[in-house]
Amino acid sequence: MSAKGYHTEINSHIQMPRVLLKRFHNDNNRFFYYDVEKQIIGNNGTAKSTNTEVGYYSKQTEDYFRDNIETPFGNLLTYIEKNNIYGDIFSISINAEQIVKNFICALVARGPNFRQQMNSEKEFWQSFPLQFQHDYIAKAGLEIAIENDIFSDYIVTYMINNTSTPFVLSMDGIYNYSLNGHQVINLPILPFVTASLIHKDYSARVVRTDGSLSMFEISRPGDIMLMNDCAFSSQIKRNWGYVVCHEEDELIRLKHKFVDSRS
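Treat the numbers as computed from the prediction; the structure is a model and nothing was measured. Position numbers for residues start from 1 in each chain and track the written sequence from start to end. In view of the model being predicted, local features appear only for residues whose pLDDT reaches at least 70, and side-chain atom pairs are presented and counted only at 80 or more, with totals across whole chains, interfaces and linings using the full set of residues. The basis for every side-chain value is the complete set of heavy atoms in the structure, and neither hydrogens nor water enter the calculation.

Draft legend 1. Inspection of the sheet that holds strand E7 (residues 175–179) at higher detail. Only strands joined by at least two bridges in the DSSP assignment are considered to pair. Strands are runs of DSSP state E lasting at least two residues, helices are runs of H or I lasting at least four, and both sets are numbered from the N terminus onward. Spatial strand order, E7-E8-E9-E5-E10: five strands in an open sheet with mixed pairing. Whereas interior strands pair on both sides, the edge strands pair on one side only; in this sheet they are E7 and strand E10 (216–218). Looking at each pair of strands side by side, their axes are set apart by 35° on average, direction ignored. Across six bridges, strand E8 (residues 182–190) lies against strand E9 (residues 193–199) in antiparallel orientation. Looking across to E9, one finds that leucine 190 is bridged to valine 193. Axis definition: a line fit to C-alpha positions, over the contact stretch in the case of helices; interaxial angles, taken between N-to-C directions, run 0 to 180 degrees.

Written as structure tokens, this is what we have:
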């Protein structure tokens with residue numbers, strides 16, 4: 001990849017892409033958001049403008065992520081939206097697991113913390129334009145993560161939220177928590193659905209005898225709030241980014257618990 005010709009200025013989504021953000025719009029095609037740096041809740045967030053910076057990535061890199069990561073993931077989300085994931089039986093392509101894992105790998109590779117870590121280890125990065133650094137690190141990080149199959153110890157299933165408390169979505173996207181003593185990585189994909197990576201040591205709970213997968217149904221609001229706590233607290237530790245939700249009340253609760261009560 002050459003550092004020459006990196007002058008295209010487009011409005012790039014830094015980490016969390018539009019294809020997932022727009023799933024958290026409400027009926028007004030807006031969402032509520034918590035701004036980590038400003039410590040405020042906004043009510044007019046959009047997938048188009050949230051988590052963006054002009055010129056952060058080049059058009060070539062934007063096209064790369066669109067074609068290889070975001071379009072397959074968006075097609076998967078559309079399939080989930082159009083078919084009844086809330087029913088007793090839900091069939092999904094065998095490719096869905098890799099599509100989800102690739103999307104998560106891309107989130108990790110595009111994260112500012114990952115870039116900062118790479119910069120601290122490679123002094124020569126400082127001699128390249130910032131856009132070239134962003135491009136190279138994000139693409140190289142994604143390719144390394146996929147080649148090394150960093151989530152090979154996890155099975156992808158889905159979690160259905162049967163409460164009135166919606167999931168929140170952080171710019172990191174994923175967060176870790178323990179379910180019955182087992183490691184789980186959650187990625188909210190709709191206000192009431194997550195893609196959940198369950199460690200293989202819990203496979204007896206997930207994989208049926210016929211090879212099909214069980215989904216998790218959550219009916220206690222407290223469990224959803226605990227997951228949202230993990231998402232929110234993880235993002236504010238970054239001192240950067242946003243947490244979005246299609247309803248305001250849950251963001252108010254989270255801000256009060258993790259920000260207002262500690263100031």
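Draft legend 2. Structural view of the pattern of salt bridges. Salt bridge, as used here: a side-chain nitrogen of Lys or Arg that lies within 4 Å of a carboxyl oxygen of Asp or Glu. Going through the model one piece at a time under the given rule, you end up with 12 salt bridges. One salt bridge in this structure joins glutamate 70 and arginine 110, with 2.9 Å as the shortest N-O distance. Of this pair, glutamate 70 sits in helix H2 (residues 59–82) while arginine 110 sits in helix H3 (residues 96–110), and the two are 40 residues apart along the sequence. A network of salt bridges, in which partner residues are shared, links Lys59, Asp63, Arg66 and Asp67.

Draft legend 3. Fine view of the state of the cysteines. Put simply, a disulfide is two cysteine sulfurs that come within 2.5 Å. Per the stated rule, a full pass over the model turns up zero disulfides. Residue cysteine 245 stays outside any disulfide, its sulfur separated by 16 Å from that of cysteine 230, the closest cysteine.

Draft legend 4. Expanded view of the packing of aromatic side chains. Two aromatic rings from Phe, Tyr or Trp, using only the six-membered ring of Trp, form a pair when their centres are within 6.5 Å; if the ring planes differ by under 30 degrees the pair is stacked, by over 60 it is edge-to-face, and anything between is tilted. Within this structure, the stated rule accounts for 12 aromatic pairs. Here the aromatic cluster, defined as three or more aromatic residues joined through ring pairs, consists of Tyr56, Tyr57, Tyr64 and Phe65. When the NZ atom of lysine or the CZ atom of arginine is within 6 Å of a ring's centre and also within 35 degrees of its normal, the charge is said to sit over that ring. Note that arginine 110 overlies the ring of phenylalanine 65, its terminal NZ or CZ placed 4.8 Å from the centroid. Directly above the ring of tyrosine 64 sits lysine 139, whose terminal nitrogen or CZ lies 4.5 Å from the centroid.

Draft legend 5. Looking closely at H3. Taking 1.5 Å as the rise per residue, H3 with 15 residues should run 21 Å; its terminal C-alpha atoms sit 21 Å apart, in good agreement. Burial classes: relative accessible area under 20% of the type maximum marks a residue as buried, over 50% as exposed, and values in between as partly exposed (1.4 Å probe, protein chains only). Judged by how many residues are buried, H3 sits mostly within the fold: 11 of 15 residues are covered. Here a helix's expected span is defined as the number of its residues, less one, multiplied by 1.5 Å.

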